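# Structural characterization, general
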Amino acid sequence: MKTQAGGFAAALAAVILSSCSLGQALGAQSASPTPQPSQAASPMALPDYNARYGNNRVGAEAAVRVGRALYAQQQYWEAYVKTDPPVLSSTFDPVRPESFDVGAKEVQRIDLILATESGPSIRMYALGGVEHEKRVLVDVARVLQALFPSASTINLSVFYGEANLHATATYQGGGLDYHAGPAR
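Procedures and definitions
Residues numbered from 1 in each chain as written. Predicted model: local features only at pLDDT ≥ 70, side-chain atom pairs only at ≥ 80, totals over all residues. Heavy atoms only, no water. Helix = DSSP H or I, 4+ residues; strand = E, 2+ residues; numbered from the N terminus. Buried < 20%, exposed > 50% of the residue type's maximum accessible area, 1.4 Å probe, protein only. Contact = heavy atoms within 4.5 Å. Areas by Shrake-Rupley, 256 points an atom, 1.4 Å probe, with all protein chains shown as cover. 1 Å grid on protein atoms, 1.4 Å probe; cavity = no way out; pocket = protein on both sides within 12 Å on 5 of 7 lines; lining within 4 Å. Points joined across faces, edges and corners; volume = space filled by probe spheres on them. Nonpolar A, V, L, I, M, F, W, Y, C, P; charged D, E, K, R; others polar. Phe/Tyr/Trp six-rings, centres within 6.5 Å; stacked < 30°, edge-to-face > 60°. Salt bridge = Lys/Arg side-chain N within 4 Å of Asp/Glu carboxyl O.

## What to know about the overall build of the protein
- Scanning the protein from N- to C-terminus turns up six helices and five strands.
- Overall, the protein shows an N-to-C arrangement of helices and strands of α-α-α-β-α-β-α-α-β-β-β.
- Looking at the protein as a whole, 31% of its 184 residues are labelled buried.
- Within the protein, residue pairs in contact and separated by at least 24 positions form 56% of the contacts whose partners lie at least 6 positions apart.
- Carbon and sulfur atoms provide 59% of the accessible area of the protein, an area that totals close to 11,500 Å².

Written out as structure tokens, the structure reads:
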């Protein structure tokens, strides 16, 4: 029995040593060779912002601000901001907040998607009917207009859940053109 246990331990040690760098340095054979630096895959370039919030860094930062403004009213909404043009000539540096304004001045149009699955948020949004919904959207559009003073058009889409379009609106020149979503 001791011979089998000793043989098992020796085999286990050989497997462990063959897969680590110490084992390779000692001459153990590895089942899978270690790739050389030239064979290793190059790291994929990642954006410097969360693409779930916007199509560029400035849009993503604006979406976070909209989400926080709604959260301050005890409503949880996910926000996505798409700017037009999508590529801005300057970059936003969080250490230099004034750099946001440089890129924001280039934006001519904004598409905002608001979505929630929160029952309390839906009830609070719909509390006063269509007129209340319009006021909420105007407030959100004003937040975006303050962030993007050159934007002449702000398109807003409101979803309950991921696929249930509740309403769309366009904010231009201080006015809101509101449309209820498709009949359910």
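Now that the structure has been shown, we can carry on.
## Re the layout of surface pockets
- Counted as a void, the largest pocket has a volume near 250 Å³.
- In this structure, the largest pocket is lined by Arg52, Tyr53, Tyr76, Glu78, Ala79, Tyr80, Ile113, Ala115, Thr116, Glu117, Gly161 and Glu162.
- Residue assignment for the lining of the largest pocket shows that the elements contributing at least two residues are strand E1 (78-84) and strand E2 (109-116).
- Of the residues contributing to the lining of the largest pocket, the split by class is six nonpolar, two polar and four charged.
- Counted as a void, the second largest pocket has a volume near 200 Å³.
- Considering the residues around the second largest pocket, the lining is formed by Arg52, Tyr53, Ala63, Val64, Gly67, Arg68, Tyr71, Gln75, Tyr76, Trp77, Glu78 and Ala79.
- The set of elements that each furnish at least two residues to the lining of the second largest pocket consists of helix H3 (57-71) and E1.
- It is H3 that contributes the most residues to the lining of the second largest pocket, five residues altogether.
- Each residue belonging to the lining of the second largest pocket can be placed in one class, and the counts come to seven nonpolar, two polar and three charged.

## A few points about the packing of aromatic side chains
- If you walk through the whole model with that rule in mind, you get two aromatic pairs.
- On the basis of an interplanar angle of 70° and a centroid distance of 5.3 Å, the ring pair of tryptophan 77 and tyrosine 125 is categorised as edge-to-face. Of the two residues, tryptophan 77 sits in the loop between H3 and E1 while tyrosine 125 sits in helix H5 (residues 119-126), which places them 48 residues apart along the sequence. For the residue pair tryptophan 77 and tyrosine 125, the accessibility class agrees, reading buried in each case.
- Taken together, a centroid distance of 6.5 Å and an interplanar angle of 90° make the contact between tyrosine 125 and tyrosine 160 edge-to-face. A residue pair is termed long-range when its members are at least 10 positions apart, and tyrosine 125 in helix H5 and tyrosine 160 in strand E3 (residues 153-160) qualify at 35 residues.
- For tyrosine 125, a relative accessible area of 2% puts it in the buried group.
- Each member of the aromatic cluster is reached from another via a ring pair, and the members are Trp77, Tyr125 and Tyr160.

## Quick word on the pattern of salt bridges
- As enumerated under the stated definition, the model contains five salt bridges in all.
- One salt bridge in this structure joins glutamate 61 and arginine 57, with 3.1 Å as the shortest N-O distance. Of the two residues, glutamate 61 and arginine 57 both sit in helix H3, four residues apart, roughly one turn of that helix.
- Given a relative accessible area of 22%, glutamate 61 falls into the partly exposed group.
- One salt bridge connects glutamate 131 with lysine 134, and the closest N-O pair in it is separated by 3.6 Å. Highlighted residues: glutamate 131 and lysine 134, both in helix H6 (residues 129-147), separated by three residues, approximately one helical turn.
- A network of salt bridges, in which partner residues are shared, links Asp84, Arg109 and Asp111.

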